[in-house]
Amino acid sequence: MTVSTRIRSVLAGAAATGLLAGAAALGTAGTAQAAPVPAPVSATAYTTGHHDRCTWQQGHWQRHWAKGHWQKQWHKGYHSVHRTWHPGYHDHHGTWHHGYWSSHSQWHTGHWSNVYLPGHWDTHWVKGHWNCHHR
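As the structure is a computational prediction, the values presented were derived from the model and not from experiment. (Residues numbered from 1 in each chain as written. Predicted model: local features only at pLDDT ≥ 70, side-chain atom pairs only at ≥ 80, totals over all residues. Heavy atoms only, no water.)

Some remarks on the overall build of the protein chain
Helix and strand counts for the protein chain come out as three helices and ten strands. When the helices and strands of the protein chain are listed from N to C terminus, the series reads α-α-α-β-β-β-β-β-β-β-β-β-β. Each of the 135 residues in the protein chain was classed as buried or not, and the buried ones make up 7%. When contacts within the protein chain are restricted to residue pairs at least 6 apart in sequence, long-range pairs at least 24 apart make up 77% of them. Carbon and sulfur atoms form 60% of the exposed surface of the protein chain, whose accessible area is close to 11500 Å². (Helix = DSSP H or I, 4+ residues; strand = E, 2+ residues; numbered from the N terminus. Buried < 20%, exposed > 50% of the residue type's maximum accessible area, 1.4 Å probe, protein only. Contact = heavy atoms within 4.5 Å. Areas by Shrake-Rupley, 256 points an atom, 1.4 Å probe, with all protein chains shown as cover.)

Structure below.
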């Protein structure tokens, strides 16, 4: 069963203008066959709106100057080994005891501290957006 080009153009026009809504539009398709064919509506006519004077700006990295400021900074913990030299000595019996090295390890826990960051260049991501120029 072939559908005539007239009916197809009517259905395309109705779909483009938003009149085709479920079963109600199917009921009117038969009566629309006798009506004159409306001019096809361009899909770009609905997408221009305020965008005819707007341009799309892609997302990009942008540099900006950050003034000097105080900022909290985390200092991670670390492990240190402390070595000590114990010199030799004579005990009370006159016996010589050689000197030796001893070491003990110590864990220093992490902590927060406020540090001053002088002025510096920083980068941040600018999302894509419409840039509209009012003419």
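With respect to the packing of aromatic side chains
Counting across every chain of the model gives six aromatic pairs. Ring geometry for W61 against W125: centres 5.4 Å apart, planes inclined by 70 degrees, an arrangement best described as edge-to-face. Within this pair, whereas W61 is found in strand β2 (residues 60-66), its partner W125 is found in strand β9 (residues 120-126), the two being separated by 64 residues in sequence. You can call W125 partly exposed: its relative accessible area is 46%. Here W70 and Y116 contribute two aromatic rings whose centre-to-centre distance is 5.4 Å and whose plane-to-plane angle is 65 degrees, an arrangement assigned as edge-to-face. Here W70 is found in strand β3 (residues 69-75), whereas its partner Y116 is found in strand β8 (residues 111-117), with 46 residues between them in sequence. The exposure class of Y116 is partly exposed, given its relative accessible area of 46%. The ring of W121 is capped by R63, whose NZ or CZ atom sits 4.6 Å from the centre of that ring. (Phe/Tyr/Trp six-rings, centres within 6.5 Å; stacked < 30°, edge-to-face > 60°. Lys NZ or Arg CZ within 6 Å of the ring centre and 35° of its normal.)

Observations concerning the state of the cysteines
For the structure on display, the rule yields one disulfide. Paired by a disulfide, C54 and C132 hold their sulfur atoms 2.0 Å apart. Here C54 and C132 share a disulfide; its torsion about the S-S bond, 105 degrees, makes the bridge right-handed. You can see C54 sitting in strand β1 (residues 54-57) and its partner C132 sitting in strand β10 (residues 129-132), a full 78 residues away along the chain. (Disulfide = S-S within 2.5 Å.)

Some remarks on the confidence of the model for the protein chain
With 65% of its residues at a pLDDT of 70 or more, the protein chain shows a mean pLDDT of 78. Between the elements of the protein chain, mean pLDDT differs from a low of 49, seen in helix α3 (residues 44-48), to a high of 95, seen in β8. The low-confidence segment residues 42-46 (pLDDT under 50) makes three contacts with residues lying over four places distant or belonging to another chain. (pLDDT = per-residue confidence, 0-100.)

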